[in-house]
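Observations on chain architecture
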Amino acid sequence: MNPIEDKDVLLQNISSSEYFPITYKELEQEAKQTMSVGGFGYVRSGAGNEETLRKNEESFSKLSFLPRFLRDVSELDTSVQLFGRTYPYPIFLAPVGMQKLAHKEGEIASAKAAATHRVPFVLSTVSSYSIEDVANATGDSPKWFQLYWSNNEEISFNMVKRAEEAGFEAIVLTIDTPMLGWRVEDIRNRFSPLKLGLGKANYEADPVFLRSLENQDAESIIHGILNNINHPTLNWKHVAALKERTSLPILLKGILHPEDARLAVENGIDGIIVSNHGGRQLDGVISAIDALPLIVEEVKGAVPVLFDSGIRRGTDVVKALALGADAVFIGRPFIYGLAVDGQNGVEKVLANFIEETKISISLAGISSVKDLPALKIVTS
Ligand SMILES: Cc1cc2nc3c(=O)[nH]c(=O)nc-3n(C[C@H](O)[C@H](O)[C@H](O)COP(=O)(O)O)c2cc1C
Ligand SMILES: CCCCCCC(=O)C(=O)O
């Protein structure tokens, strides 16, 4: 594929009479206009003093490319192979719960937008539409399921079984959220989406969860979710038990310490997602991009290493791949696109990411995503 062959997206951006924000800051500003104060605050904010949220972006700015020239960059291969499948770009959509906060069509709109680009969509456990709703709306497009462990582990196993039956292709177990971080903005806004019942679709559709309740009225369902969603006992034994219950690849999301990466490989995990949850969990942790090379060095190619937290534009995608990530997830930027213009907004955000990524790889003198680890990056 010629990197500048498909100029439609760029031309659309330049010639369209309808304004659509391009940069992250512009997207954030536009999204703010369409969302409730509590909803926007929930998406935008990080934990504590937002040190990590800021660091995630600042660390990217400190990385500089050392590009190569006089190489033929007329053809570009952006595809990536993971778990026996080929995806057209190294860009996926991160699991983000309760997307109705951004748009009434929530995950259905985002998943359809991902499908138009054949980009994998990761459905959160606490989504506003269920596993089955999203599967029915998106056919055979690539989808993964993100699992928040339930204290009643049979609920976890049943959700994974439902995802498997609905055609989801991988399970992402989030390990950095045994409980919610200290979210100052939400406390200030008195905003608790789970207490409002915004993330209940997968629970309401789960017979094992419903059977675990004494009553099945709205209040009991929310109470049941809250009893299960904080899961401080989660440990490696649960990971082993999960492995026994599914044949799908399992990725652990939230790894920052090389030792945990080593344990993940030892425990037969299929993939690692280096992430600090977008600075929403433990404030003061290392920026995810600074943690990435440590994990890549430890894992030595034994399993794919994926990345999220702080990706704001195509050059960030290229930096993460150059530092050894096999693919990256976009979080807040696509949620802002969803808030601004539903499915269309997510499609545009993705199109802009894809175009800027393609242009940046070529300008760095590289012709294939697989060769990006050869691109030199310095800290300045
Ligand atoms: C509003 C919001 C909700 C999120 N919900 C989930 C979730 O349900 N499960 C999960 O594993 N991560 C969740 N995340 C974290 C994302 O998957 C991802 O790690 C994070 O957004 C990356 O940071 P970035 O948005 O700054 O790029 C959420 C993030 C946001 C902003
Ligand atoms: C205790 C888990 C609640 C998760 C809520 C969704 C999420 O991950 C977030 O960052 O917010």
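Here the structure is shown first, and the text comes after it.
These remarks concern the structure in this document. Nothing here was measured: the structure is a model prediction, and the numbers come from that model. (Residues numbered from 1 in each chain as written. Chains lettered and ligands numbered in written order. Predicted model: local features only at pLDDT ≥ 70, side-chain atom pairs only at ≥ 80, totals over all residues.)

1. Describing the environment of Asn-352
Quick reminder of the rule: Runs of H or I in DSSP of at least four residues are treated as helices and runs of E of at least two as strands, each being numbered from the N terminus. Partly exposed residues are those whose C-beta has more than 12 but fewer than 20 other C-beta atoms within 10 Å; with 20 or more the residue is buried, with 12 or fewer it is exposed, and the C-beta atoms are placed from the backbone.
You can see Asn-352 is positioned in helix 16 (residues 332-363). When the 23 C-beta atoms within 10 Å are taken as the criterion, Asn-352 is described as buried. Sequence-wise, Asn-352 and Lys-200 are 152 residues apart; in three dimensions their C-alpha atoms are separated by 32 Å.

2. A short note on the site of ligand 2
Let me state the cut-off plainly: Note on definitions: a residue is near a molecule or strand provided its C-beta atom, placed from the backbone, lies within 6 Å of it. Here the nonpolar group is Ala, Val, Leu, Ile, Met, Phe, Trp, Tyr, Cys and Pro; Asp, Glu, Lys and Arg are the charged ones; every other residue, Gly included, is treated as polar.
Around ligand 2, the structure places Gly-97, Val-126, Tyr-148, Thr-177, Met-179, Leu-180, Ile-229, Asn-230, His-277 and Arg-280. When its residues are assigned to classes, the shell around ligand 2 shows five nonpolar, four polar and one charged.

3. A few points about helix 6 (residues 131-138)
For the α-helix, the turn length of 3.6 residues means that residues three or four positions removed from each other point alike. As a reminder, the rule being used: Note on contacts: residues are paired as contacts if their backbone-placed C-beta atoms lie within 7 Å.
Those residues of helix 6 not exposed but buried are Ile-131, Asp-133, Val-134, Ala-135 and Thr-138. Elements in contact with the buried residues of helix 6: helix 5 (106-116), strand 5 (121-123), strand 6 (143-147), helix 7 (153-165) and helix 9 (201-204). Phi turns positive one or two residues past the end of helix 6, at Gly-139, with a value near 55°.

4. Some details on the site of ligand 1
In the neighbourhood of ligand 1, 22 residues make up the surrounding shell, with Gly-97, Ser-124, Gly-278, Gly-331 and Arg-332 lying closest. When the residues that make up the shell around ligand 1 are grouped by side-chain class, the tally is seven nonpolar, 11 polar and four charged.

5. Description of the nonpolar core
Worth spelling out the cut-off: For this entry, the nonpolar core is defined as buried Ala, Val, Leu, Ile, Met, Phe, Trp, Tyr and Cys residues connected by C-beta atoms within 7 Å.
Formed by 110 residues in total, the largest nonpolar core has its most connected members in Ile-272, Val-274 and Leu-292. The contact partners of Leu-292, leaving out residues within four places of it in the chain, are Val-274, Phe-307, Ala-320, Leu-323, Gly-324 and Ala-325.

6. Some details on the packing of helix 2 (residues 24-34) against helix 16
Where we set the bar: Fitting a line to C-alpha atoms yields each axis, with helices limited to the stretch in contact; the angle taken between N-to-C directions then spans 0 to 180 degrees. Relative orientations are named as follows: roughly parallel for angles under 35 degrees, roughly antiparallel for angles over 145 degrees, roughly perpendicular for angles from 65 to 115 degrees, and oblique for any other angle. Definitions for this section: a left-handed crossing has its near helix turned counterclockwise from the far helix by less than a right angle. A right-handed crossing has that turn clockwise.
At a minimum axis separation of 8 Å, helix 2 and helix 16 run at an interaxial angle of 45°. In terms of orientation, helix 2 lies oblique with respect to helix 16. Pair helix 2 / helix 16 crosses with left-handed handedness. Here Tyr-24, Leu-27, Glu-28, Glu-30, Ala-31 and Thr-34 of helix 2 lie close against helix 16, whose contacting residues are Pro-333, Tyr-336, Gly-337, Ala-339 and Val-340.

7. Comments concerning unusual backbone geometry
Located in the positive-phi region is Glu-50, a residue other than glycine, with phi close to 60°. Residue placement: Glu-50 occurs in the loop between helix 3 (37-44) and helix 4 (51-61). Residue Glu-50 is classed as partly exposed on the basis of its C-beta count, with 17 C-beta atoms lying within 10 Å. In the Ramachandran plot, Lys-300 falls in the positive-phi region, its phi being about 50° despite a non-glycine side chain. Within the element layout of this structure, Lys-300 appears in the loop between helix 14 (288-299) and strand 10 (305-307).

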